[in-house]
Structure formats: structure tokens, C-alpha cells
Amino acid sequence: MRQKNLDLLLIMAAVIVSMLGIMVPFILHFMVIIIAIPIVFFIPGYLLCEVMFQRRMLSIYHRVAFSLSLSLAVVIVSGFGLNLLPIGLNTVSWTVFLGVFNTVFCCASFFLRHRAQAQRAQALKIHLAIHDYVFLALAILAIVFSFGYTANSISHQPGAGYTQLWMLPSQTNRNTWTINLGMQSEEAATRQYKLVVLVNGKPLKTWSSVSLAPNSTWKQQLPLTAAKTGKIDASAQLYLLDAPQVIYREVHVTLQKK
Amino acid sequence: MERLAVTGIDERRGSSSPGGLGAVQKTHNNVIDRLLNKLPSPWRRIIFAFLKRAGDPDAENTSANDQPGDLVLVCGWFPGLALSCALGIFLSGYSFAVSRDGQSQAELFFALSMLLIFVPTTIRLLSSAATRFERIAIVCTAGISLYLIKIVASPTNFSLYDEFLHWRTADDIMQTGHLFTSNALLPVSAYYPGMEIVTNALSTLSGMNTFHTALIVIGVARVLMVLSLFLLNERLTKSPRMAGIATIIYMGNPHFLLFDAQYAYESLALPLTVFVLLATELHQFTSDRFDGLKSIAPIVLFAKVRNTLLRGDMRWLSTATLMALIAVVFTHHMTDYFLDGVLVLWAGVYVFLHLRPLYRSYVVRIALIAFALSVIAALQIGNPVVDYISSFFQMAVTELNHVLTGVSSARPLFQSYTGTPTPIWERILTILSQLLVLSGLPFGLLCLWLRFRKHALMITFGLLVLCYPLVQVFRFTTAGGELVDRSAAFLYIPISTVLAIMIAQLWPTRWLTWKHLFSLAFVLSVIALGGTVLGVGPSISLLPGPYMVAADPRSINMEGIQAATWTRTYLGPDNRVATDRTNQILDGTYGQQRIVDSIEDRVDISPIFFSPQLGPDEVGIIQAAKIHFLVVDMRMSKQRPVLGFYFDETEVGAFQHSSPVDPHNLTKFNTVSQLNKVFDSGNIVIYDTEGLVNAPEKS
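Predicted model only: the values in this text are computed from it and were never measured.

Rules used throughout
Residues numbered from 1 in each chain as written. Chains lettered and ligands numbered in written order. Predicted model: local features only at pLDDT ≥ 70, side-chain atom pairs only at ≥ 80, totals over all residues. Heavy atoms only, no water. Helix = DSSP H or I, 4+ residues; strand = E, 2+ residues; numbered from the N terminus. Rg over C-alpha atoms; globule rule 2.2 N^0.38 Å. Buried < 20%, exposed > 50% of the residue type's maximum accessible area, 1.4 Å probe, protein only. Pairing = 2+ DSSP bridges. Contact = heavy atoms within 4.5 Å. Buried area = accessible area lost by both parts, 1.4 Å probe. Salt bridge = Lys/Arg side-chain N within 4 Å of Asp/Glu carboxyl O. Polar contact = N/O pair within 3.5 Å; in protein donor to acceptor, adjacent residues only side chain to side chain. Nonpolar A, V, L, I, M, F, W, Y, C, P; charged D, E, K, R; others polar. Phe/Tyr/Trp six-rings, centres within 6.5 Å; stacked < 30°, edge-to-face > 60°. Lys NZ or Arg CZ within 6 Å of the ring centre and 35° of its normal.

A. Highlighting the overall build of chain A. Scanning chain A for helices and strands turns up six helices and eight strands. Scanning chain A from its N terminus toward the C terminus, one meets helices and strands in the order α-α-α-α-α-β-α-β-β-β-β-β-β-β. Relative to the 2.2 N^0.38 estimate, which gives 18 Å for 258 residues, the radius of gyration of chain A is 32 Å and therefore markedly larger than a compact globule would have. Counting only C-alpha atoms, chain A reaches 95 × 55 × 30 Å along its principal axes.

B. Structural context of the pairing of strand β4 (residues 629-633) of chain B. Residues and elements named next belong to chain B. For β4, the tally of buried residues reaches five of five residues, placing the bulk of the element in the interior. The alternating pattern of β4 places F629, V631 and D633 on one face and L630 and V632 on the opposite face, and all of these are buried. The pairing of β4 with strand β6 (residues 684-688) spans five bridges and is classified as antiparallel. Bridged to V631 within β6 is I686.

C. Region of the structure containing the interface of chain B and chain A. The interface is formed by 89 residues belonging to chain B together with 79 residues belonging to chain A. Both sides together, the interface formed by chain B and chain A hides about 7,500 Å², and carbon and sulfur atoms give 72% of it. Put simply, chain B and chain A have zero salt bridges between them. At the boundary of chain B with chain A, the tally comes to 21 residue pairs in polar contact (both at pLDDT 80 or more). Here the side of chain B that touches chain A takes 12 residues from helix α4 (residues 78-100) of chain B, the largest share from any one element. Partitioned by chemical class, the residues of the side of chain B that touches chain A number 59 nonpolar, 21 polar and nine charged.

D. Focus on the pattern of salt bridges. This structure, assessed with the given rule, holds 19 salt bridges over all chains. The shortest N-O distance in the salt bridge between B:R168 and B:D574 comes to 3.8 Å. Linking B:R168 in helix α7 (residues 161-176) with B:D574 in the loop between α21 (558-571) and β2 (576-578), this pair joins segments that are 406 residues apart in sequence. Look at B:R168 and you get buried, because its relative accessible area is 9%. Here the salt bridges share partners, and the residues they tie into one network are A:D7, A:E50 and A:R113.

E. Geometry of the packing of aromatic side chains. For the coordinates displayed, the defined rule picks out 38 aromatic pairs over all chains. Taking 5.3 Å as the distance between ring centres and 45° as the angle between the ring planes, the aromatic pair formed by B:F669 and B:Y687 counts as tilted. Of this pair, B:F669 sits in the loop between α25 (663-667) and β5 (676-680) while B:Y687 sits in strand β6; the two residues are 18 residues apart in sequence, bridging distant segments of the chain. Comparing B:F669 with B:Y687 shows no difference in burial state: the two are buried. The rings of B:F158, B:F164, B:W167, B:F211, B:Y263 and B:Y590 are connected pair by pair, giving a single aromatic cluster. Between the NZ or CZ atom of A:K194 and the centre of the ring of A:Y239, over which it lies, the distance is 5.6 Å. Its end group placed over the ring of B:F285, B:R235 keeps NZ or CZ at 4.3 Å from the ring centre.

The structure is reproduced here in C-alpha cells:
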């Protein structure tokens, strides 16, 4: 009997671990992923097949196809059902629904097997020679190596670097604003910059040497007060220190007193 | 010499089915026999031999299949072929790396990688020695290998245009916890959220991000597709060999490598559709057995018990079919409509064959249910599917009409909109592939008629196959070109079956030699490789490389992604943004912005960017569409758009841009004092239009 219902026991174990996963956060993430995949894609359909056909008419290949399709169908249809609930589609609702569904059909399947006392299909064995194992191992290695090689190729892909410059105003009161300045470097190497902020055409503040390493960010805030005209034209010009005559990046905002 | 039966069909065979088909066949055979008897003797002998072979019921004489009692499954060549496929994946990864480095041999390596997957597997599937288990394992491995090639092309982020559209819907569901949230990138996708629901389930349960979840969802869909297709063909042909051949031929359809492997709703709906056909066919088979026992069930106990079991099986098969059907209906509209069409046609053929009274036909019932469900889905409040589909077909048909009447010229083949010609080898391969398929179809249809004409679904497949040559005419239009490519994924289901029947009949296993195997494998590989090149488009579409303007995957780079991410971080989500095609999908997903476009807002924003001045008309568009930010990609001034348009197909000058956008047109915004230039990364500049439109509300 243990061997006869081993599949149902494994399913119940997976369901329990899945439900524990939302309550006990320290369950290993990769374990949660490994269990989530069959819970969504295989188990609901498999249990439905067990209840509906009880291994009577479907070959193992048909059972796999039916399990996958019916699992997808159960998830899609139940998604519409969960959408009607206030809680909607989230971790708790999916875990509870799939947990209850799988448990109910697992019990139903166990009951039907027990009642039918059906002749269990004998386990199929796949015959593999030594060289078959070698081929399969090499195939897995080749695939893993392919992905590693591709990831390495992407990370070392040559490309022009760039620097972002931004200026975002926020009004603090009727006459004053705060200018939020920022730079982010996506250059290939550390670059030296000069940043000049002008207000109504006149330099207000200069950062003569800002060093930014790749993937690093620089931010500053500047308070500005409106002139009698009530209008401020603020701009920021970014220069590379090794090309100080050329404006590398430029942003500008016009602030109007309301 | 016997003057009758030249066709190999005698009247006794032809009239065994009740109803109209028998009478039609009798008349048909007499006409053919009379025609053939008028031919010279050598020709008559050749045709007779051909017809005899085409109708041979013992063409598949394979004894190497798993018997029901077998407990040990023999792997045969499967492990070796798995290694061959893995090497193909590695070689494709190498070709992508070479392409990134800008070297020229990338296409050669890519072609070799495809051949490494197709040729050995095809040879083994054509062979009569492989077992059933081996064939299933081989086709699944080949299908997954082709999917892994697509992943290797872009292993870290989405890269194909449609993927971003569905990513937005998936993210909306994740954030709101509810369905049917408006998606400006593809409004109709919110009403067909089947794939996104599955993604949500796995993502929330596993904690994985949408990208990795999507890879698994589509991977599972791919396995289901291959397995269902194999089992369906096996059910129809009663031959695992023919099923394997049909499945590998299907993998050569233009959309198998990329389009139906991307994170888009068709990628999940199509496998479910094939499953629905499989389940319906199984129901038909069970129903025939049920009918066979019904007459003796009242008097024979065994038959009564069996009858009860079969009735239960039919009920559960109906349930399974209905569940899968509902999943298809709410996953993808076009696939659902294709399924409706197949079921209706199947029901019509079934009724014509008079195999069962109309009211007792399960296929008729399932066709009606499918149609009703499709209508219900289309009538969902706010669902724009009718406009979406009809406008697409209307554009294609109108353009075809213009071409046929001479109003406009036909689209030049093998030339991109930038004028770059397609390499000669790609042209030859593509043309050869299509010619082989089209030339094989008549022979395949003849074999189908001689062997399987009593089978309603087979006849249905035969009729569907006739659509393929007809849709090719749309290749000469701009809008219709996409229609032809999209239809291939559906029409190759029956095409692959028909071609597999042709191969099995004309090269029966008892006379199959290694020369035949290699020749057939070569031909099928040409079909597969040519189909793949046709579907992928110019090699720039798949092979990575330097940035290109409006070239979908080749236009996705870190600067655009980072700019979009910046908008979300510093501007917040859901701002109304106007920008070009590539930045629309980036800002709509990475940036979570509300994109203003012609689909959802019915406004053409291209004049804002194309015009030399920001005049009253352009300001009017900004104000009417309540655009808050303009994202300007300066690279539009450096290259012509590869796809033929920068924004969408309805923009001014679409498919006719003879030069890049004038740089002055893109920098004019700097001189408008009401526009704040808030972001500059060199190629991408963002302007705040609040000063121009008096702070439009966030959407």
C-alpha cells in the first residue's frame, strides 16, 4: 500500500511544504521554487486524471499531457474565481486554493483507489547503458556551459558608456523651490566631471571636480528663490574634465511663481 | 489487363461507409479509372505504382514499438541525440557571442546549430527502428532545445516586442491582485489574461520575478505543445513514426523558434488548442467503441460493464475538453477563433460523412459550445477585440485590393525598409523551403484521401491545408505579411500531418534505405531551416549586435532600460508619456508609465516629433492627449527605422521614410521655454510638458 499510494503521499508533502512556505519564511527559496512548479503545472491535473480516469484508459504519455493541460486549465479558471474575491490573486489566495484543491482531490483519489482496489500499473523502467549516462551528462554540461558562456559574453559586451543627468524641481513654498540634481554614471571607467548650475544665465554654483565610478550616483539639492519677475530659468551643464569645452549633458527647467 | 481498380480502390472499399461519401467515391473512382486507362502504358504503370504506394495500408511496418505489456523502455539513440541537441544549443550561443562581437560568421554558426538539432533527430524519427518511447523523448528534446535557443539569445531580460506587452499585464495583476486592469500597450490583452494568471500563480508561490516565471510558463507550454501534437498525430495516423515525423516537420514552421516561444498569449493558447483537438478525438474514439457495444450490452454482461465504463470515460473526457476549451477562450482570441473554425469545419465534415446523426455528434456540440464561449469572451464589457481583429484584417485586405487593382505597388520581397537586401543564401533557403512544402501538399493530400478519407478530422486537416497556398498572396502587402506569418503557426498543424503521411506512404519502411533517410532528412532540414529564417526575418532580428533604430530586439539596450527605470524612480508611475515604439515598451514596463499611443488613445503622436516646429497643431495634440512627458530618442535622427516606422504603422510616412528624422526636429523642444528638459543621457532626453499644458492630471 505504501508503494501503491506513494505518488499521493508525495503530493500531500508538497502541498504541506507549500502551505508552510507562507507561514515559515526560512524555508529555502530554491525548495519553494522546486515545489511551486509541480503544484501549478502538474499536480492539479494529475489528481483530476486520477479521479476521472483512475488509470483506466490513459497511457502514461496521455496522462502527462492531460495533467499539464488540466493543471493549466484549473489555474486559469480559478484565477477568474479568485479575482472575484476582495483578496484577489496573491500568495495567500493561491496557496490556500491550490492547497485545498489538491488535498480534496488527493483524498478523493485515495478513496477511489481503495474502493476500486484496482490493479496498479507496474512501474516502467527505462533501460540506460553506461554510454547513455555519459551522453546525458555531457548534454547537461553542454547546456549549462552554453548559458554560462552567453552570460559571460553579455557581461563583457563592448558598448558605449553614458552618463545620466537630471534636474527635478519641487516647490517648497510660493517663492522658493528645491532643485534636485543628480548624475548616474554608466561609463566603462571612472570619469571626472564638472557641473555648473546657472540661474537666469548666471552661474549659481559649480562643482569643479566630481568623480563617478561606473554604476554610481551623485545627488545634490539646491534651494532657489524667485526673483521679482517671479520666474527662474535654471539649467545645469555637465562637462567631462578631459573635454572641458564641450557640454556633455544639459538640463534646464523654468520655474514660475504661481 | 484489368481496366478497373487502376486507382487501387475498388468499389467494395469505397462504398463501405454509409451515406454520401460512398456514392461520391464510386463516381469519382470510375472517372479516374477511365481517365487513366486513356494514358500510354508507361505513364499508366508509373501512376498506378504511385497510387498503389500512396494507398498502401501496410506502409508502416514497424515492429519496434512499445508493446502494452513492455515494462522496460528502450532509449535507443535518445541520449546521443540529446547530446547533439545540447551541442546545437551551445553552437547557437557561440553564434550569438560572435554576433555581439560584430563578426561576420555568426549566421553560419547559427545555421549549423539548427542543423545539429534537426538533422540527427529527423534521421532517427524517419527510421523504422526507433521505439515509441524513443520517438516521444526525441521530439520533446528537440522542441525544448529550440526553446532553449530562444532563451540563450536573451537570457537575462525580455527582448521581443510582444513580451513587453504581456509583461505589463502580468505586472498589473501582480500589483493590483486583480484582472482586467487597463494596459495601454495592448488593451486587448487585459481581457485574455490566461497566461498572466498562470504566471501570477507561479510567481506568487515561488517568489520568482516575472521574467524567470515567464521562462518556465512558456517552457511548460512548449512541452505540452510537442507532446499533444505527437499524441494527436499518433491517434490520427495510428503510427508513432508518422507522429514523430509530423511533429518534427511542425517544428520547422516559421513561428516555432521565436514567435511561439516568446512570452505572449499565443504561446500558451496554441498548445492548449492542440490538446483540445486531442481530447475531442479521444472522445470520438471512445464514443465509437461505446456505440459498438451498445447493441449487445443488454444481453452480454461483459459488454454492459464495459459500456458503463466507457460512458464514464466519455463524460470525463468531455469535462477535460471543456476545461481546456475555457482556458483557450480566455488566453488568446485568434487561437480561439482558429479552434472554433477547426471544430466547425470538423463538425461539418463529420455530418457530411453521415457517421452519426447531427444531434448525437459530440463534435457538433463542442463546436457550438466553443463558439458560444468565444462570443461571451468577446462581449466582455470594454473588450476591444472586435475592433482590434477587424482593423488588422481590414488593413490587410484593403492593401491587397490596392495591389491587385494597381493602386499601389506590391511590397518588394527580401528587402528591409532601410533598403538592406536579404543575403542570397537566405533567399534561396526561404524560397526552397516554401516550394518544397507547397509541392509536397498535393501528394500528401492524395495519400490522405487514399488512406484516411473516412476519418473526419483527417479530411478537415486536408481542407485546412488548402488555405496555406491561398494566404501566400498576402506576402506582397505590408500589413498582410504579418498575417501570413501568423497563420503558419496554425496551418502547419495540418500541413505537418499531411506531409508526414506523404513521406510514410511514398517511402514505406520495408524499402527504406540509408540513402532515403539522409535524403529525406536533408529535405526536411531545408524546410525547417528555411521556415525558421522566414519567421525570424533578417538575421538582425535574432542575432544580437549593435543598436539599430526601430528594430525590436536590436533596439533594446541598457540606456533605454535605465532611462525607463529612472522615470519610475524619480517621476513615479502612471504618468502619461509620449515616445517612439521602442521606448513605449520600455517606459510602459520598466517605467510603469501610461503610454499615449494610437491604439488606446486613438491619437497619432508622431507629428510632435516629426514637425520642425512645435506649432499649434502639435501643442493641440499634447493638450488633447494630456501628455505629461515627452521621451525623445535622438537616435531616430541617425538611422531609418528597420521596421519601416518609428512610432506605429499609422504614422505619417510609415514604410516610406527615405531618410532619418532631421535632428533639428528632435532638438526643437530645447527652444520652447514652457518645456522643462529634466533628463539627458545623451541619446535619450525627457521633457516635462507641465508648463505647456498647465499640469495635466496623472492618469
